[in-house]
Structures are given as C-alpha cells and as structure tokens.
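# Descriptive analysis of the structure
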Amino acid sequence: MIWLTYRQHRAEALVAAVLLALVGLVGVVEGLRAPAVAASLGLPCGTGSILPGTCQGPLDQFRREFGWLSPTLPFLFILLPALVGPFLGAPLVAREHEFRTSLLVWSQGVTRTRWLATKLLLFGTALLAGAILLAAVAQVAEPAVSVTPMIWYQRIEWSFPVMVGTALFALALGVFAGALTRRVLAAMLIALVAVGLARAGVVTQLRPALVAPIVTSSRRTIPPDAWIVSSGYVDADGRAVPIERLIAANNEFFRSGSQRSYNSDDYLAEKQGLYFRAAYQPKEREGIIETAELGLYVSIALALVAASLWLVRRRPA
Amino acid sequence: MSLAFEAIDVTKKFGRVRALDACTFSVPAGRIVGLVGPNGAGKTTLLHIAIGLNAPTAGRVEVFGTSAAEDVLTVLSRVGFVAQERPLYRGFTVGETLELGRRLNARWDAAYARRWVENAGIALEQRVETLSGGERAQVALSLALGKRPALLLLDEPLGGLDPLARRALLQELMSASTESEATVILTSHEIAAIERTCDYLVILGRGRVELAGDIEAVVGAHLSITAPPRYEDLIKSRATIVDAQRAERQISALVRVSGDVQWPTGNGLEVRPANLEELVLAYLRRARAERTAK
C-alpha cells in the first residue's frame, strides 16, 4: 500500500513540494535580508535616529523592495494549507470511482478500510511535515512582511498548529466530499467552498470565543498587548446600549463640563447607568488559543475520516 | 465435488428495481462457466457481490464456502477478477501494474504474471494509456492471473475486442484454466464464444436463474421442433415447452425432454437437436414474457 500510495500520488507530492520550496525560498531569503535593509534605512521609525513624521521616505523605499511580499506571503500562508482539500483530498476516493479503478484496487488482497487508512496516514504525515516547514518559513519571513514585529493575535494564522490543523481538516473534508459525490470536479468545488466557509467562520466567529475571553468592566484592567475581541456599553440589566443612546450620553458628558472631575466611563456609569464592557484575550493565551483551534480542526477531521471510511466500506464500489 | 461458487437466494434491490431476485445456483469446481443474460439481468451485480464490491439486500454468495460479507480477504485471495471496464491506472507502466499486484496480494506469482504479458507481446516498460484495447484486456487478465486464483471472474472479457484479440484472449483463458486448474466464470453475449470455450452454462434472465448445468447435458436435453399447430398436444405430452412461437400454419417450439423420447415421423413434424444459441434465446424470451405478464 505504501508503494502504491507513493506511485499514485508522487506527481501531487512533487507539485506540493515545489510550491513549498518556492514559497520557502522567497520567504527565507527575503526574511533574512529584510532586517538589515530596515536597519540601514533607520526603520522602524520613531525609535532611532529618524523622528516620527519624517519616515515616509525610508518606509516607501522599504516597500519598494519588500512591498510585494506583504499581500502575497500572508495570502499563501492561508491558501496553501486550505488547497489541500480540493487538490489532494477530493480526488483521493472520487478519482478511483470516476475511472472505475475502485473495482481494480478493491478486488486485490487489501481491505478497503486498510486501503483508505494507509493513504490517509501517509497524506497526514506528509502534511504534518509540510505544515512545520511552512510555519518555520512564516516565522523567518515576518520581517520582510512587516517592519515592526507583528501583533501576536495577527500571527495566529501563521502558527504551526493552525496551519497543520487547517491542512488536516481540509484533507478530511476533501476526502469526504469525494467519497460522497464520487465525482472529482464536484468534490473539488464542494471542498473549496466548504474549506473557505469553515476557515472564515473559525477566524471571525470561533477564534475569539473558543477559549472564553476575559470580561471586564474597566479599561484599565486590560493589558496593553491584549486582543480585545469585543467592547461596548451595557445598561444595568446587561443589555447592549443602542448607539443613539450612547451618543446622547456622551454629548451630555461634554455639555455638563464634567471632563475635569470624571473620565467618561465613570461618568457614564454613575450618571447615565451605562457600563463599559469588554472581552479580551491576554497575550499569555496565544498558545492555548492556537491549540484549541488545532483541537477543533482535528476533531472535525477525525469525524469526517470516520464518515469517509463508512461510505467507502458500505457503498458499492 | 466441491463447489467453487454458490449463489443462495441472492436478492439485490436498487431502489425499487430488483437487479437480482432470489437468484440461486451453484458451480462445481474446475468448470468454465458461461453466464449469459440480457443487459440488466444482474450478471455484473452478482459478480460484484461475490467479491464484496457490492452487498446483497438478502441472501449470500459463497466462494469455496466463504462469503465475502463475512471474510472478504479469504475470498479475495482466491479470486481473480476483471471488471467489465478493465480498469487500470493509466499513468502506470505495465510493469508497475504487475508490481501493484505483487504489493497488494499475499500470494503473487510474479514470473507467471510476467509471462502472460510477454506472451501477448507487451513490453513491461509500456505505459497503460498507450495500450490498445486488446492489450489492456491482456494486462488486466495477467493481473488477475498473477494471484494464481482458484476462481477467475471475468465480466464481459470479450467486449470491445476485435475478432483476433478475442480469439487470442479465449485461447489464453483456456490454457490458463487448464494450467492452474482454476474455475472460470465469464459473462458474455457471444453465444458462439461460450459454446467454444465453456462447459457449463448459467442463464440469468432479469435477476433469476432460468437454467444452470453442464452444456452438453443441457443441449442434449433440448429439441427444436417445427410442426403444424395440431401437433401441440402431442408435443406437450412428450416434452416441456420452454418457448413456442405460433403462426397460423406452424408452431416452432423449443422443448425440454427427459430421457429418450420417440416421435412420430412425417406429416410435417420436424424434430432436431437444439443448438445453444436458440436454447439461450428461448429461455431469455420466456423470462421476458413471464416478467411482462407479472
């Protein structure tokens, strides 16, 4: 089975390796070069010899050299693991059905369970290695993408757990779509759309809340490097305050001339019954948030693998 | 005598359609079996069920006493199967195709498989996608033979082949089955080819077995009769009519007899031994008439 898997998928493996190598080469070379270039230009601004406001020139010069990387590389770091779904996962089972080679390979002396399990295991191992490499490239390439170090919660996307989680999830989703539709093109489209939607859902909805954020009613308790996932005002019953009400209350605050004795939050709380509420993730949680996301991806992937095995075993070849 | 293949009350429904309907027959070991029937009779489904590529709705198929539903690996280790589409990996070379057989089967006779390919004049370095239809059939057969199977299941092995390639494949098949004492079950629409190659016949008409038995015995037990209509009662008293076509002045019937039956001579009554083709046609016509009536 190992030989067959290699022989059948070596072209895909080669394409994936070449893509990874290209991204890696550009990322590493430029990433290693960028700090020296930035230093010679006096970047980042405001900390060294150049005063704030006068750094547009050096910044432009830095961007002329590295600017093309800042949309490209982050895009690739998100795209490459996701593309595993439509391009590696979807054809895995669907192609065998479409070319009827399912009848050939499943009538040799290997059960379908072992056939699929071996392939998934080998693909999973390769993806693990690929994700480690890609995350390492992201680490090295960062100075070429951003002059100042990136904020930790923007780097979650670039972390190894999220990259490997995405890749494994995408693989399982593609395989499942292929086992379900038995058509390569249909499975690829489904995998592409589903992985895209799932990723968007995770980034916007689940990532801030997967590990319950810390809720506070005082701005002062929020650490400066925290990721504020939501903030606003609530009334005494805990309901969100409509924006009109908030504007009116703020106008009231300025009109009353209370700025000297109050800060606005205290004024709003005491005089208007509007309380500040924010939810945030402290920086120490970086690893926990990434691991939780990995756990989510892996558990969904395992469920999809189980469903695919069931489909492959139970449905006619 | 041991049974190589046994279908026991096999029923397979696809939605509301019954592809197989309580299909029951058995094949003794060592036979070359022709499995005939119209398109959609359930031949392919039956072969797929035998090796676990499909599951029956009810009933079971046993290969040398083992059902694929219970122990698929034992069944697969004994069966060489060539599907109707003769699927092969297009990007593989012929040599890699045989390597697949070696890697995926516990028992594999590499020299034997290679010999079949080379005898057919196919180079191991050739890529599968460059092969002709006949060569593909040969490679697919070699892959099945490399397992040294006790039972060879061939779904339409002659389909799409030119007469020369057909002849070559049939010859190979016959020598392979004698050489390794394998039982062969092949499906085909080519009655003439079956007559030349097979010694056992199974007629499948719309999911049911119409007839199963040794070809010589089967042919010997059937007669083709043409006579004026008034002889119909006489025919019925001495034989069982399988299928009859009645015209105003003549009835032509294919009948089954048991033992030696005496027939009056003359007066337009013509009795002659049936040939395989008209026999098969008669059973298939009867099957269709019965199903339509139902």
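Criteria and cut-off values
- Residues numbered from 1 in each chain as written.
- Chains lettered and ligands numbered in written order.
- Predicted model: local features only at pLDDT ≥ 70, side-chain atom pairs only at ≥ 80, totals over all residues.
- Helix = DSSP H or I, 4+ residues; strand = E, 2+ residues; numbered from the N terminus.
- Rg over C-alpha atoms; globule rule 2.2 N^0.38 Å.
- Buried ≥ 20, exposed ≤ 12 C-beta atoms within 10 Å, placed from the backbone.
- Contact = placed C-beta atoms within 7 Å.
- Core = buried A, V, L, I, M, F, W, Y, C linked by C-beta atoms within 7 Å.
- Axes fitted to C-alpha atoms, helices over the stretch in contact; angles between N-to-C directions.
- Parallel < 35°, antiparallel > 145°, perpendicular 65-115°, else oblique.
- Left-handed = near helix turned anticlockwise from the far one by under 90°.
- Nonpolar A, V, L, I, M, F, W, Y, C, P; charged D, E, K, R; others polar.
- Expected span 1.5 Å × (residues − 1).
- Pairing = 2+ DSSP bridges.

Looking now at the overall build of chain B. What chain B contains, in helices and strands, is 10 helices and 14 strands. Computed over its C-alpha atoms, the radius of gyration of chain B comes to 21 Å, within 12% of the 19 Å expected for a compact globule of 294 residues. The burial tally for chain B puts 41% of its 294 residues in the buried class. Nonlocal contacts in chain B, meaning residues at least 24 apart in sequence, comprise 69% of its contacts between residues at least 6 apart.

From N to C terminus, chain A includes 10 helices and 3 strands. Starting at the N terminus, the α and β elements of chain A follow one another as α-α-α-α-α-α-α-β-β-α-α-β-α. For 317 residues, the compact-globule formula gives about 20 Å, and the C-alpha radius of gyration of chain A, at 26 Å, lies well above that figure. Referenced to the eigenvectors of the C-alpha coordinate spread, the extents of chain A come out at roughly 85 × 55 × 30 Å. Per-residue burial for chain A yields a buried fraction of 34% across its 317 residues. Once local pairs closer than 6 in sequence are excluded, the contacts in chain A between residues at least 24 apart make up 82%.

Take the environment of Cys23(B) next. Residue and element names in this part refer to chain B. Along the chain, the position of Cys23 falls in strand β2 (residues 17-28). For Cys23, a count of 26 C-beta atoms within 10 Å gives the class buried. For the pair formed by Cys23 and Glu181, sequence separation is 158 residues and the distance between their alpha carbons is 27 Å. Once residues within four sequence positions are removed from consideration, Cys23 is found in contact with Ala7, Val10, Gly42, Leu46, Gly207, Arg208 and Val209.

What follows is about the nonpolar core. Ranked by internal contacts, the top residues of the largest apolar core, which has 152 residues, are Leu171(A), Ala172(A), Ala50(B) and Leu153(B). In terms of residue count, the dominant contributor to this core is helix α6 (residues 160-181) of chain A (14 residues). When residues no more than four places from it in sequence are discounted, the contact partners of Ala172(A) are Gly89(A), Ala301(A), Leu304(A) and Val305(A).

All names here are of chain A. Viewed as axis vectors pointing N to C, helix α3 (residues 69-98) and α6 meet at an angle of 30 degrees, and their least axial separation amounts to 6 Å. Considering their axes alone, α3 and α6 lie roughly parallel with respect to each other. With respect to the hand of their crossing, α3 and α6 are arranged in right-handed fashion. In terms of residue class, the contact of α3 with α6 is made up of 19 nonpolar, 6 polar and no charged.

With that settled, the discussion passes to the packing of α3(A) against helix α5 (residues 112-145) of chain A. Residues and elements named next belong to chain A. It is at 10 Å that the axes of α3 and α5 come closest, and there the two elements cross at 175 degrees. One element, α3, and the other, α5, form an angle in the roughly antiparallel class. Residue-level inspection shows Leu69, Ser70, Leu73, Pro74, Phe77, Leu80, Pro81, Val84, Leu88 and Leu92 of α3 in contact with α5, the latter providing Lys119, Phe123, Leu127, Ala131, Leu134, Ala138, Ala141, Ala144 and Val145. A class-by-class count of the residues in the contact of α3 with α5 yields 17 nonpolar, 1 polar and 1 charged.

Taken together, the contacts link 17 residues of chain A with 21 residues of chain B. Contributions of two or more residues to the side of chain A that touches chain B are made by α1 (2-40) and α4 (101-105) of chain A. Tallying contributions element by element places α1(A) first for the side of chain A that touches chain B, with 4 residues. Residues of the side of chain A that touches chain B, tallied by class, amount to 9 nonpolar, 6 polar and 2 charged.

A few words on helix α10 (residues 276-293) of chain B. An ideal rise of 1.5 Å per residue puts 26 Å on 18 residues; α10(B) measures up with 26 Å between its terminal C-alpha atoms. The set of residues buried in α10(B) consists of Leu279(B), Val280(B), Ala282(B), Tyr283(B), Leu284(B) and Ala287(B).

This next bit is on unusual backbone geometry. The backbone of Arg182(A) shows a phi angle near 60 degrees, a positive value even though the residue is not glycine. The class for Arg182(A) is partly exposed, based on 18 C-beta atoms found within 10 Å. Despite not being glycine, Asp9(B) has its phi angle at roughly 50 degrees, a positive value. Mapped onto the secondary structure, Asp9(B) falls in strand β1 (residues 3-14).

So, on to the environment of Ala194(A). Along the chain, Ala194(A) falls in helix α7 (residues 184-206). On a C-alpha basis, the gap between Ala194(A) and Pro86(A) in space is 9.7 Å, while along the polypeptide they are 108 residues apart.

Here we come to the pairing of strand β3 (residues 275-281) of chain A. Here is the key point about a regular strand: its side chains alternate between the two faces of the sheet. Residues and elements named next belong to chain A. One ladder, built from 3 bridges, connects strand β1 (residues 214-216) with β3; its direction is antiparallel. Within β3, the residue paired with Thr216 across the bridge is Ala278. Summarising the sheet, strand β2 (residues 227-234) and β3 pair through 7 bridges and their orientation is antiparallel. The partner of Ser230 across the bridge, within β3, is Ala279.

The next subject is the sheet that holds strand β9 (residues 200-205) of chain B. Residues and elements named next belong to chain B. Spatial ordering of the open sheet is given by β6-β7-β8-β3-β9-β10, a layout of 6 strands whose pairing is mixed. Looking at strand neighbours, the two that pair on one side only are β6 (79-82) and β10 (208-214), the edges of this open sheet. For this sheet, the mean inter-axis angle between neighbouring strands, taken without regard to orientation, is 15 degrees. Across the face of the sheet, helix α1 (residues 43-50) comes into contact with β3 (32-36), β7 (151-155), β8 (183-187) and β9 while running at roughly 145 degrees to β7. Strand contacts of α10: β3, β9 and β10, with the helix running at about 25 degrees to β9, the strand carrying the most contacts.

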